[in-house]
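One-letter residues, chain by chain:
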Protein chains: 2
Amino acid sequence: MTNPASTYGGQSADVPMLFFSPGACSLASHIALEETGRPYQAVETLLSKNQHQTPEYLAINPRGRVPALAVDGKVMTENTAILTWIATAFPEAELLPEDLVERMRCIAQMAWFSNTPHIFQRAKFRPYRFVDREDVYDDIRAKAVSSYWECMQEIDALIGDKQWTMGDAYTVVDPYALVFYGWGTSNGLPMRDLASFTRHTEQMMERPAVRRVIEREKNPHFWSKRLG
Amino acid sequence: MTNPASTYGGQSADVPMLFFSPGACSLASHIALEETGRPYQAVETLLSKNQHQTPEYLAINPRGRVPALAVDGKVMTENTAILTWIATAFPEAELLPEDLVERMRCIAQMAWFSNTPHIFQRAKFRPYRFVDREDVYDDIRAKAVSSYWECMQEIDALIGDKQWTMGDAYTVVDPYALVFYGWGTSNGLPMRDLASFTRHTEQMMERPAVRRVIEREKNPHFWSKRLG
């Protein structure tokens with residue numbers, strides 16, 4: 001197999017190449033890579049310009065979604081997998097607990113992010129994925145927003161008094177959680193009412209890796225907003 | 001913390017206790033545990049009798065979903081995490097590739113199962129999760145069925161000429177794939193037209209662990225049906 005990333009002028013096959021779009025959930029993987037302090041290449045793949053639907057990108061990820069991560073000529077998709085890869089490939093960054101059950105609980109939390117709040121975000125912005133009748137899009141959107149808000153309250157309760165989402169230690173679950181705070185804010189939800197989740201976001205904004213990535217992405221949910 | 005599984009008369013904390021409902025996606029985790037040949041306890045938690053909404057079960061999994069797996073007094077949820085735990089805790093069963101990227105590609109495929117076809121199955125059976133207007137439930141269901149069918153075609157193409165879903169080796173992704181074949185059949189979709197996916201299901205039915213679990217669950221999608 002040709003290295004699919006070579007189309008994008010990859011530096012070398014063993015430098016991970018992340019395909020991201022500012023504002024998308026790829027922010028989580030982008031931050032986690034930055035946290036490792038190891039070399040990687042971030043390739044902007046603008047959803048707004050349909051750059052995820054070009055033949056070049058569909059050769060990377062036939063599902064046309066971001067994030068995707070190319071490593072050694074192979075491509076991984078899905079934040080849950082990419083974030084687990086980052087934490088496992090760079091254990092010195094300590095981005096997942098060593099204890100196996102605790103590690104799997106982190107994977108479970110990421111899977112829930114991707115199959116629950118993310119789905120409601122999709123239903124809000126792409127109601128046509130769930131119904132063919134245009135006249136009910138607004139009903140789909142309304143339900144999506146209220147369900148998304150329930151998920152935000154659940155994340156707030158999950159964080160509770162803990163330092164980070166999963167406990168005292170920072171993990172790859174944390175940048176993934178940040179994605180949902182940003183989306184909630186941009187969707188006009190009263191995220192500031194969620195004390196634990198807001199504290200978590202403020203802590204995230206103090207991390208140099210997080211600030212660098214948000215600035216590099218000019219991330220529309222955080223950049224130049226006073227969230228931290 | 002009290003061992004949450006003790007409510008259910010667990011044998012001992014180090015025997016994994018799986019909470020499943022026949023017909024639910026917990027079939028995947030149930031089969032994978034059986035494949036290891038190691039002791040475990042399977043606790044029927046009937047969704048049809050709301051046994052996933054009892055205070056006892058909500059103490060296990062506050063989200064009220066199956067599967068859940070209790071190990072050493074801790075609970076994991078989500079097939080993606082439970083299946084990864086099974087493969088990692090029992091490496092001699094060889095249920096995930098050793099190569100890290102290949103392993104993560106398996107996790108990505110499981111995440112996609114849970115955030116794409118599973119969502120359409122949910123939309124078909126629980127349209128009220130996506131809209132409050134009862135008069136459009138049938139429109140939601142119709143879209144869900146056609147999107148589910150697209151996913152089935154994608155799984156069929158993914159299997160293609162490979163022996164198993166992810167390659168020549170059987171992995172935990174395979175019992176998870178089986179769940180969707182069973183749902184597709186019960187939903188009246190022409191699953192037999194999908195040659196690769198049908199061959200995959202037939203191969204699954206030849207595995208003693210699969211047959212034992214389907215019989216134990218009296219799994220409504222497979223048991224006493226001629227699918228193998």
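Worth saying up front: this structure is predicted, and the values here are computed from it rather than measured. (Residues numbered from 1 in each chain as written. Chains lettered and ligands numbered in written order. Predicted model: local features only at pLDDT ≥ 70, side-chain atom pairs only at ≥ 80, totals over all residues.)

## A word on the overall build of chain A
The helix and strand tally for chain A stands at 9 helices and 4 strands. Ordered by position from N to C terminus, the α and β elements of chain A give β-α-β-α-β-β-α-α-α-α-α-α-α. Relative to its length of 228 residues, chain A is compact, with a C-alpha radius of gyration of 17 Å against a globular reference of 17 Å. Across its three principal axes, chain A shows a C-alpha extent of roughly 45 × 45 × 35 Å. The proportion of buried residues among the 228 residues of chain A is 46%. Sequence-distant contacts, at least 24 apart, represent 64% of the contacts inside chain A between residues at least 6 apart. (Helix = DSSP H or I, 4+ residues; strand = E, 2+ residues; numbered from the N terminus. Rg over C-alpha atoms; globule rule 2.2 N^0.38 Å. Buried ≥ 20, exposed ≤ 12 C-beta atoms within 10 Å, placed from the backbone. Contact = placed C-beta atoms within 7 Å.)

## Digging into unusual backbone geometry
Trans peptide bonds make up the majority, and among non-glycine residues the majority have a negative phi. Residues and elements named next belong to chain A. Going from Val66 to Pro67, the amide bond is cis rather than trans, its omega being 0°. Within the secondary structure layout, Pro67 lies in the loop between α2 (55-60) and β3 (68-71). Backbone geometry places Glu78, a non-glycine residue, at a positive phi of 70°.

## What to know about the confidence of the model for chain A
Across chain A, pLDDT averages 94, with 94% of residues at or above 70. Predicted complex, confidence summary: ipTM 0.95, pTM 0.95. (pLDDT = per-residue confidence, 0-100.)

## Observations concerning the relation of the copies chain A and chain B
Expressed as a screw transformation, the operator carrying chain A onto chain B has a rotation angle of 180° and an axial translation of 0.0 Å, and the superposed copies differ by an RMSD of 0.0 Å. Such a turn and shift between the copies fits a two-fold axis. Across chain A, the smallest distance between a C-alpha and the rotation axis is recorded for A:Asn115, namely 2.1 Å. Counting the interface residues of chain A, we find that 100% of their copies in chain B are interface residues as well, pointing to one common contact surface. (Least-squares fit on C-alpha atoms with pLDDT ≥ 70 in both.)

## Things to note about the nonpolar core
Ranked by internal contacts, the top residues of the largest apolar core, which has 130 residues, are A:Met76 and B:Met76. When neighbours within four sequence positions are excluded, A:Met76 is seen to be in contact with A:Ala68, A:Leu69, A:Val71, A:Ala81, A:Ile82, A:Trp85, B:Val101, B:Met104, B:Arg105 and B:Ala108. (Core = buried A, V, L, I, M, F, W, Y, C linked by C-beta atoms within 7 Å.)

## Describing the domain arrangement of chain A
Residue and element names in this part refer to chain A. Segmenting chain A into domains produces domain 1 (4-93) and domain 2 (100-217). Measuring from the centre of the C-alpha atoms in domain 1 to the corresponding centre in domain 2 gives 20 Å. With 18 residues of domain 1 at the contact, the number on the domain 2 side is 16 residues. Within the residue set of the side of domain 1 that touches domain 2, elements represented by two or more residues are α1 (26-36) and α3 (79-89). At 7 residues, the largest contribution of residues to the side of domain 1 that touches domain 2 is made by α1. Looking at the side of domain 1 that touches domain 2, its residues break down into 11 nonpolar, 4 polar and 3 charged. (Domains from an automatic or database assignment. Nonpolar A, V, L, I, M, F, W, Y, C, P; charged D, E, K, R; others polar.)

## Describing helix α8 (residues 195-205) of chain B
Count 3.6 residues to each turn of an α-helix, and residues three or four apart come out pointing the same way. All names here are of chain B. All of the buried residues in α8 are Phe197, His200, Thr201 and Met204. The buried side chains of α8 occupy one side of the element, clustering within an arc of 100° when seen end-on. Facing away from the buried side of α8, by more than 90 degrees, are the exposed residues Ala195 and Glu202. Contacts from the buried residues of α8 go to α6 (137-159), α7 (173-186) and α9 (208-217). (Arc of directions from axis to C-beta.)

## Quick word on the interface of chain A and chain B
Counting from both sides, the interface comprises 33 residues of chain A and, opposite them, 33 residues of chain B. Put simply, the parts of the chain that give the side of chain A that touches chain B at least two residues each are β4 (74-77), α3, α4 (100-115), α5 (117-125) and α6 (137-159) of chain A. If you tally residues by element for the side of chain A that touches chain B, the top one is α4(A), at 10 residues. The class makeup of the residues in the side of chain A that touches chain B is 18 nonpolar, 7 polar and 8 charged.

## Focus: the packing of α1(A) against α3(A)
All names here are of chain A. At a minimum axis distance of 10 Å, the contact between α1 and α3 shows a crossing angle of 5°. Judged by the inter-axis angle, α1 sits roughly parallel to α3. Between α1 and α3, the contacting residues are Ala28, Ser29, Ala32, Leu33 and Thr36 on the first element and Asn79, Ile82, Leu83 and Ile86 on the second. Per-class residue counts for the contact of α1 with α3 are 6 nonpolar, 3 polar and no charged. (Axes fitted to C-alpha atoms, helices over the stretch in contact; angles between N-to-C directions. Parallel < 35°, antiparallel > 145°, perpendicular 65-115°, else oblique.)

## Section: the sheet that holds strand β2 (residues 41-44) of chain A
Spatially, 4 strands are ordered β2-β1-β3-β4 (chain A) in an open sheet, and the strand pairing comes out mixed. Each edge of the open sheet is held by one strand with a lone partner, namely β2 and β4 of chain A. Shown here is a sheet whose adjacent strand axes are inclined to one another by a mean of 25°, direction ignored. Bridge count for strand β1 (residues 17-20) of chain A against β3(A) is 3 bridges, and the pairing is antiparallel. From the neighbouring strand, A:Leu18 faces β3(A), where its bridge partner is A:Leu69. Each of β3 and β4 of chain A is contacted by helix α4 (residues 100-115) of chain B, which is oriented at about 35° to β4(A), the strand it contacts most. (Pairing = 2+ DSSP bridges.)

## Considerations on the sheet that holds strand β1 (residues 17-20) of chain B
All names here are of chain B. Taken in spatial order, the 4 strands of this open sheet run β2-β1-β3-β4, and their pairing is mixed. Pairing within the sheet leaves two strands with one partner each, and these edge strands are β2 (41-44) and β4 (74-77). Each strand of the sheet is rotated relative to its neighbour by a mean of 25°, with strand direction disregarded. Across the face of the sheet, helix α3 (residues 79-89) comes into contact with β3 (68-71) and β4 while running at roughly 120° to β4.

## Some words on the environment of B:Thr171
All names here are of chain B. Looking at the element boundaries, Thr171 is found in the loop between α6 and α7. Considering only alpha carbons, one finds Thr171 and Ala32, 139 residues apart in sequence, at a separation of 8.8 Å. The contact partners of Thr171, leaving out residues within four places of it in the chain, are Leu95, Leu96, Pro97, Cys106, Trp164 and Met166.

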